[in-house]
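Residues per chain are reported as follows:
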Amino acid sequence: MSTFRTAQAVRTTPEGLLWEPGERWVRGRKGDVTVVDSRHPVLVWEPELPVPTYAFPREEVREDLLRPAKNPATGRHTGSQIFYDLEVGGELLENAAWTYPAADLAGHVAFEWFSRSGRGLDHWYEEEEEIFIHPRDPHKRVDALPSSRHVQVEIDGTVVADTHRPVLLFETGLPVRYYLPREDVRLDLFDPTEHGTGCPYKGTAEYWSWRSDGDVPPNLLWSYPEPLPAVAAVAGLLAFFDEAVDITVDGERLERPVTPFTAGLGARPSA
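Parameters and conventions
Residues numbered from 1 in each chain as written. Predicted model: local features only at pLDDT ≥ 70, side-chain atom pairs only at ≥ 80, totals over all residues. Heavy atoms only, no water. Helix = DSSP H or I, 4+ residues; strand = E, 2+ residues; numbered from the N terminus. Buried < 20%, exposed > 50% of the residue type's maximum accessible area, 1.4 Å probe, protein only. Contact = heavy atoms within 4.5 Å. Polar contact = N/O pair within 3.5 Å; in protein donor to acceptor, adjacent residues only side chain to side chain. Core = buried A, V, L, I, M, F, W, Y, C linked by side-chain atoms within 4.5 Å. pLDDT = per-residue confidence, 0-100. Pairing = 2+ DSSP bridges.

Draft legend 1. The arrangement of the environment of S147 in detail. One can find S147 in the loop between β13 (142–146) and β14 (151–155). Classification of S147 by relative accessible area gives partly exposed; the value is 23%. Separated by 17 residues in the primary sequence, S147 and H164 have C-alpha atoms spaced 7.7 Å apart. Not counting residues up to four positions away in its chain, the partners in contact with S147 are H164, R165, P166 and L168. Polar side-chain contacts of S147 include one of 3.0 Å to the backbone nitrogen of R149.

In structure tokens, the structure reads:
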């Protein structure tokens, strides 16, 4: 008789790393070459980073493509000392992989994700679904819930959105995001931009900037035209950075939150 295994407890190493075994089938590719094919990935949280990365048993990595780093980035990744360059199709990618300085993770190799750092493997899959930027955190939830709340959005005193049909997106560690039907947003006041981002929980977003003058950061309005299935309810809807606009919900003006996005937006606090 087998005993059902409950969620793995997160373990801590003396170096300050957090880690736990994963159960997803993970593959990482550079172009058409599969460099990682693992059914025993390990999720690792570095103390200075809010999101996890994967490390893989060496036997599930194409070690024949790894070369001792010519210019190792010693000290990065919580004091890692061993780095590898990755050679694929005649192209050498410096410091694309490393090992963590922790006995618990001996025999495991981690890789850079191109969409996050600009180098490393450029396509990642959990089971049959492509993921972006970083692995999904098993301790994080993202829920998209249709609502009948009255949501208004203002920029510099101008009402740019007014709806009773929002979809509220609740994401662990972030403020509620209000996704609004396009017909309830003054999209004529915005210009599309070339900016784009990827999210492992939601997909790939497109952006708009405020057309008028004023102390308004660019790319403060976005949409997921083809979101991942888990948040399909936000498909084509529009959302604003709460950090940079004034949002009123059911008659209550919300304070602008301070988040990891605040500094990058150059957003000012609520008046």
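Draft legend 2. Spotlight on the nonpolar core. Formed by 39 residues in total, the largest nonpolar core has its most connected members in V153, I155, Y179, F190, L220 and F240. When residues of this core are assigned to their parent elements, the largest contribution, four residues, is made by strand β19 (residues 203–210). Sequence-distant contacts of F190, that is, excluding residues within four places in its chain, are made with I155, V160, W208, S209, W210, R211, L220, L221 and F240.

Draft legend 3. The confidence of the model for the protein, seen in detail. Taken as a whole, the protein shows an average pLDDT of 91; of its residues, 95% reach a score of 70 or greater. Across residues 1–7, where pLDDT falls below 50, the model places one contact with residues more than four positions away in sequence or in other chains.

Draft legend 4. Main features of the sheet that holds strand β9 (residues 91–99). If you walk across this open sheet you meet the eight strands as β1-β2-β5-β6-β10-β9-β8-β7, and the pairing is antiparallel. Edge positions in the open sheet fall to β1 (11–12) and β7 (66–68), since each of these has one partner strand only. Relative to strand β2 (residues 18–21), β1 runs antiparallel, the two being bridged by two bridges. Note on β2: the bridge partner recorded for R11 is W19.

Draft legend 5. Examining the pairing of strand β4 (residues 33–38) more closely. For strand β3 (residues 26–30) and β4, the ladder comprises five bridges, and the chain directions are antiparallel. Its bridge partner being in β4, G28 is matched across the sheet by V36.

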